[in-house]
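Overview (structure and organization)
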Amino acid sequence: MSTAATISREILKPHLKIKGGCPLKGEIKISGAKNSALVLMTAALLTEEIVKLNNVPSLTDIHGMEEILSAMGVNTSNSPNGLNLQAKLLSNSEPPYQLVNGLRASFFCIGPLLGRLGRAKIPLPGGCRIGARPVAEHIKGLKALGAVVSVEHGVVSASVLGSKKRLKGAAIILDCPSVGATETILMAAVLAEGITTIENAAQEPEVQDLAKMLNKMGACISGAGGPIITIKGVQRLHGCDYTVIPDRIEAGTYLIAAAITRSKIHISPAIPEHLNAVLQKLRDCGCVIATEMDGITINPGELTGVDITTQPFPGFPTDLQAPFMALLATTKGTSVVTEKIYENRMQHVAELQRMGASIRLQGNTAVIEGVPQLSAAPVSGGDLRSAAAMVLASLAANGTSKVEGLNHLDRGYSNLELKLNSVGSQITRRQ
Ligand code: EPZ
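Residues numbered from 1 in each chain as written. Predicted model: local features only at pLDDT ≥ 70, side-chain atom pairs only at ≥ 80, totals over all residues. Heavy atoms only, no water.

Our focus in this paragraph is the site of the ligand. Close to the ligand lie 20 residues; E137, S178, V179, D319 and I341 are nearest. In the model, an oxygen atom of the ligand is placed 3.1 Å from a nitrogen or oxygen of the R133 side chain. Taken together, the elements giving at least two residues each to the shell around the ligand come down to helix 2 (34-43), helix 6 (136-144), helix 7 (179-189) and helix 13 (384-396). Looking at the shell around the ligand element by element, the count peaks at 3 residues for helix 6. In the shell around the ligand, the residues fall into 8 nonpolar, 5 polar and 7 charged. The two domains that each donate at least three residues to the shell around the ligand are domain 1 (13-30 + 246-430) and domain 2 (34-243). (Near = heavy atom within 4 Å. Polar contact = N/O pair within 3.5 Å; in protein donor to acceptor, adjacent residues only side chain to side chain. Helix = DSSP H or I, 4+ residues; strand = E, 2+ residues; numbered from the N terminus. Nonpolar A, V, L, I, M, F, W, Y, C, P; charged D, E, K, R; others polar. Domains from an automatic or database assignment.)

If you want it as structure tokens, here you go:
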């Protein structure tokens, strides 16, 4: 291919053009949580009745999950800001490979399919840019509940023996508080015979949201949000009408947008207690934060660096590590950011350095010296949250940046440029 054609192809890669230095003012609306909606959609497999989900975000991952469920025979239909799902006649327990291969969250189907049908065949979700993302704890839990599970040729096959094809409650202790493993075991155990306990369970708000919806469907779950969850198996679940919680990671991202542009904005709906660790770090670096029942106002002052170590909830969320590092590249003094959840979630460091950030990386620890001004550059996000970090850094940079990686960004942020432009940003999307 000629150089000119290569250059034009490069220029034509979908990207956002972002003019830096625009102050923000006003209110940003937060959408439903991606990491809740995805698992709630798969929970609809546990009943023949209609599950009505409200406040479902419009994201590529959500549309991908819809396709997967439809391919298994689930009736899906859209309502104004939601989704109706009915798994009346499940045509198969093996979602098509070409659909699930692109969406790790499709693995959430294995628990409900086992609970409902007694069998499931799901491709092993591969790793991704941020890490290996193993599912050993998910499989360990399903085996403890009596499933026969094998992994061959990249496919996880699970089945329940015996005439009743019903899983049996068990006492399960997780080696790590895995969100996906906790949610998978929860959905498998709700229809099992007897009592299941999950120790060292993940405590994320999305786990709590799932337990709340399952209980609304007739399940008998207690302790969700704490380290030990108890599930008393029931015979069947019925449909429900449920509203997805606001996305705490999207909310945190826009709070950081306000901080990095030194702007005062309000975000809602938002549940402050889902963001305590992030709000504390924003206060520690010099932001005044006011919280109401379902909203948060941020007013940055003179900002200085803070240290951050990512932890399972209620610690600082790994999904806001990259966005927060973009902010720390612009605050006075030194900050140390340590990533403890994923083995390879520092790809945004090199891109921030291209924008003039002063960062020294040692393994999964970054030492950041704040600079007075980042400079605009063509940058790219290699994963969802790195792409968000590039957008935030561009909002504060001197000049106009070009941010690539929209295929990642659109997985987790609906209408990002519309939301930011509504409060004063100058962002245009170039397909
Ligand atoms: C969920 O992923 C989220 N995704 C992730 O959000 C989030 O980063 C993560 O939880 C942690 O909060 C969804 O909910 C769809 P984990 P999940 O199992 O369930 C290790 C985003 O940006 N682990 O809690 O895959 C694993 O390697 C995405 O929105 C094991 O070692 O997360 C990882 O290091 C990214 N063995 C850590 O635990 C296992 O068997 C957290 O994984 C399972 C996990």
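Back to the text.
Turning next to the packing of helix 5 (residues 110-117) against helix 7. Here helix 5 crosses helix 7 at 10°, and the two axes come no closer than 7 Å. Viewed along their axes, helix 5 and helix 7 adopt a mutual orientation that is roughly parallel. Residues I110, G111, P112 and G115 of helix 5 form the contact with helix 7, whose participating residues are T184, M187 and A188. In terms of residue class, the contact of helix 5 with helix 7 is built from 4 nonpolar, 3 polar and no charged. (Axes fitted to C-alpha atoms, helices over the stretch in contact; angles between N-to-C directions. Parallel < 35°, antiparallel > 145°, perpendicular 65-115°, else oblique. Contact = heavy atoms within 4.5 Å.)

With that out of the way, let us pick up the domain arrangement of the protein. Often the size quoted for an interface is simply the accessible area lost on bringing the parts together. Here the domain parsing of the protein yields domain 1 (13-30 + 246-430) and domain 2 (34-243). Of note, the centres of domain 1 and domain 2, computed from C-alpha atoms alone, are 31 Å apart. Taken together, the contact between domain 1 and domain 2 spans 22 residues of the former and 18 residues of the latter. Taking both sides of the interface into account, the surface hidden between domain 1 and domain 2 amounts to around 1,700 Å²; carbon and sulfur atoms contribute 48%. Among the residues domain 1 hides against domain 2, the three largest losses belong to F313, Y342 and R411. Together they make up 31% of the total. Inspection of the domain 1/domain 2 interface yields 2 salt bridges. Across the contact surface, domain 1 and domain 2 share 10 residue pairs in polar contact (both at pLDDT 80 or more). (Buried area = accessible area lost by both parts, 1.4 Å probe. Salt bridge = Lys/Arg side-chain N within 4 Å of Asp/Glu carboxyl O.)

Because each turn of an α-helix spans 3.6 residues, side chains separated by three or four positions in sequence point in the same direction. With respect to burial, helix 2 is a largely interior element, 9 of its 10 residues being buried. Looking only at helix 2, the buried set comprises K34, S36, A37, L38, V39, L40, M41, T42 and A43. (Buried < 20%, exposed > 50% of the residue type's maximum accessible area, 1.4 Å probe, protein only.)

Once that is clear, we can look at helix 3 (residues 60-71). In this model helix 3 runs 17 Å from its N-terminal to its C-terminal C-alpha over 12 residues, within 8% of the 16 Å that 1.5 Å per residue would give. Lining the buried residues of helix 3 we find helix 2, strand 4 (75-79), strand 5 (82-86), helix 4 (97-100) and helix 14 (406-412). Backbone geometry just after helix 3 places G73 at a positive phi near 105°. (Expected span 1.5 Å × (residues − 1).)

L53 and L214 are the most contacted members of the largest nonpolar core, which has 77 residues in total. Not counting residues within four places of it along the chain, the set of residues in contact with L53 comprises L40, M41, G82, L83, L85, M213 and Y242. Listed in part, the 71 residues of the second largest apolar core include I265, A270, M325 and L384. (Core = buried A, V, L, I, M, F, W, Y, C linked by side-chain atoms within 4.5 Å.)

Turning to the sheet that holds strand 5, a few remarks are in order. Taken together, the 4 strands give an open sheet; going across it, the order is 4-5-3-13, and neighbouring strands pair in mixed fashion. The two strands at the open ends of the sheet, each matched to only one other strand, are strand 4 and strand 13 (240-243). With direction set aside, neighbouring strand axes in the sheet form an average angle of 15°. (Pairing = 2+ DSSP bridges.)

Note that strand 3 (residues 51-54) and strand 5 share 4 bridges and pair antiparallel. Across the sheet, residue K52 finds its bridge partner in strand 5, namely N84. As judged from the 4 bridges shared by strand 3 and strand 13, these two strands associate in the parallel manner. Residue pairing across strands places K52 opposite D241, the latter belonging to strand 13.

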